[in-house]
Amino acid sequence: MAHWPSQDQAAEKGSILLFPGRTEYIEKYGRIAAAFAARGHATVVIDWRGQGLTERPRLDRMVGYVKEFYSYQKDLAAVLAKLDELGLPKPSYLVSHSMGGCIALRSLLNGLQIKAAAFSAPMWGIQFAPGLGPIARLIAVVGAHLGMGLRYAPGTGPQTYVNATGFAGNMLTRDPETFGWLQSQAVSKPELTLGGPSLQWLNAALCECHALRTLAAPPLPAICFLGESERIVDPAAIHARMAHWSSATLTMVPEAEHEIMMEIPATRNRFLDATTALFATNP
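This write-up is about the structure you can find in this document. (Residues numbered from 1 in each chain as written. Predicted model: local features only at pLDDT ≥ 70, side-chain atom pairs only at ≥ 80, totals over all residues. Heavy atoms only, no water.)

**Some remarks on the packing of aromatic side chains**
Scanning the entire structure with this criterion turns up 10 aromatic pairs. Taken together, a centroid distance of 6.5 Å and an interplanar angle of 40 degrees make the contact between Trp 124 and Trp 245 tilted. Here Trp 124, found in the loop between strand S5 (117-120) and helix H4 (133-145), pairs with Trp 245, found in the loop between helix H8 (235-243) and strand S7 (248-253); they are 121 residues apart in sequence, far enough to count as distant. Residues Trp 124 and Trp 245 agree in their burial class; the two are buried. Three or more aromatic residues joined by ring pairs make a cluster, and in this case those are Phe 19, Trp 48, Phe 69, Tyr 72 and Trp 201. (Phe/Tyr/Trp six-rings, centres within 6.5 Å; stacked < 30°, edge-to-face > 60°. Helix = DSSP H or I, 4+ residues; strand = E, 2+ residues; numbered from the N terminus. Buried < 20%, exposed > 50% of the residue type's maximum accessible area, 1.4 Å probe, protein only.)

**Side note on the side chain of Gln 51**
In this structure, Gln 51 sits in the loop between strand S3 (42-45) and helix H2 (71-86). For Gln 51, the side chain forms a polar contact with the main-chain nitrogen of Thr 23, separated by 3.4 Å. Those residues in contact with Gln 51 that sit more than four places away from it in its chain are Gly 21, Arg 22, Thr 23, Glu 24, Arg 56, Met 99 and Leu 194. (Polar contact = N/O pair within 3.5 Å; in protein donor to acceptor, adjacent residues only side chain to side chain. Contact = heavy atoms within 4.5 Å.)

**Observations concerning the pairing of S3**
The two faces of S3 match: Ala 42 and Val 44 on one face and Thr 43 and Val 45 on the other face are all buried. Bridge count between strand S1 (residues 2-4) and S3: three bridges; the pairing is antiparallel. Paired with Trp 4 across the bridge in S3 is Thr 43. In this structure, strand S2 (residues 15-19) lies alongside S3, joined through four bridges in parallel fashion. In the strand pairing of S3, Ser 15 is matched with Ala 42. The handedness of the S2 to S3 crossover, carried by helix H1 (residues 30-38), is right-handed. (Pairing = 2+ DSSP bridges. Right-handed = clockwise from strand over helix to strand, strands pointing away.)

**Structural notes on H2**
Taking 1.5 Å per residue, 16 residues should reach 22 Å; H2 reaches 24 Å between its end C-alpha atoms and fits that length. Looking at H2, one finds that the buried residues are Ser 71, Tyr 72, Gln 73, Asp 75, Leu 76, Val 79 and Leu 83. Summarising the contacts, the buried residues of H2 are in contact with S2, S3, helix H3 (99-109) and helix H7 (199-213). A positive phi of about 65 degrees marks Gly 87, the residue just after H2. (Expected span 1.5 Å × (residues − 1).)

**Re the packing of H3 against H7**
Where H3 meets H7, the closest approach of the two axes is 11 Å, and the angle between their N-to-C directions is 45 degrees. Between H3 and H7, the angle falls in the class oblique. Crossing of H3 against H7: the hand is left-handed. On H7, the residues touching Met 99, Cys 102, Leu 105, Arg 106 and Leu 109 of H3 are Trp 201, Glu 208, Ala 211 and Leu 212. Of the residues assigned to the contact of H3 with H7, the class counts are seven nonpolar, no polar and two charged. (Axes fitted to C-alpha atoms, helices over the stretch in contact; angles between N-to-C directions. Parallel < 35°, antiparallel > 145°, perpendicular 65-115°, else oblique. Left-handed = near helix turned anticlockwise from the far one by under 90°. Nonpolar A, V, L, I, M, F, W, Y, C, P; charged D, E, K, R; others polar.)

**As for unusual backbone geometry**
Where the residue is not glycine, phi is negative for most of them; where a peptide bond is considered, it is trans in most cases. Here the amide bond leading from Lys 90 into Pro 91 is cis, since omega sits at 0 degrees, within 30 degrees of zero. Within the secondary structure, Pro 91 sits in the loop between H2 and strand S4 (92-97). The phi torsion at Thr 23 lies on the positive side, around 75 degrees, for a residue other than glycine. Mapping Thr 23 onto the fold places it in the loop between S2 and H1. With a phi angle near 55 degrees, Ser 98 is a residue other than glycine that sits in the positive phi range.

**Looking at the nonpolar core**
Core analysis: the largest hydrophobic core is formed by 47 residues, its most contacted members being Phe 19, Phe 69, Leu 94, Phe 119, Met 123, Trp 201 and Trp 245. Contributing elements (two or more residues each) for this core: S2, H2, H3, S5, H7, strand S6 (222-227) and H8. Of all the elements, H7 adds the most residues to this core, at eight residues. In contact with Trp 245, other than residues within four places in its own chain, are Leu 105, Phe 119, Trp 124, Ala 217, Pro 218, Leu 220 and Ala 222. Membership of the second largest hydrophobic core comes to 29 residues, among which are Ile 16, Ile 32, Ile 223 and Leu 278. (Core = buried A, V, L, I, M, F, W, Y, C linked by side-chain atoms within 4.5 Å.)

Printed below as a string of structure tokens:
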């Protein structure tokens, strides 16, 4: 975990728990943490197990692996215990992206004590190419149960996404500067990066998304931003959740890709401003 204090600690407005997505790492959110610091919030960012500088599977450190999604709740519990030692300012808020949004929703349903939450393209479902969803689910289930859980999901491999593709046609951001920055991090600090998901991760993720789909939304204020060009998580699952979350609002961003917080400056600042405005109205 890493902690960024606010720029003016005498006028702190509270602390933000920031949950990254799959393949992500603490350092990727340095710019976002600095932006929140300028707006008066301290920020804590987590490296989930198997990502960033945490321990990796011995046979292949690039494969995205978790035995079950509830393991991420254990990671969160360890971070929350450490927060008490840091004495961070109250109240506490939550910001999450992609897989982090899935983990965040589960933690809220488990009773995580925060005042409000902001979601960026939460992984409440996974998007597959037309007709491939049932096949992918079958492969994930069979592979996980036949001892092939550490094998890469079909169509993926050990290379991290930003190095495996160019800016043109990428599914993350329309901002060439940010994409280049992410590529430079991947080249200079390859130990931070992660490749494709394992069959075990995919099976665990699909099971968790299905389980969450059956549960009512938590009773707290929330906002969710989703790009209209989203191609990684399932927009239908997000619309279904937000349609029944009375204290939450969904904002669709025209032409935006998956990484709202890494998008062009106008989109990025729109999310940051909306998030801190939500937090300001829930002190």
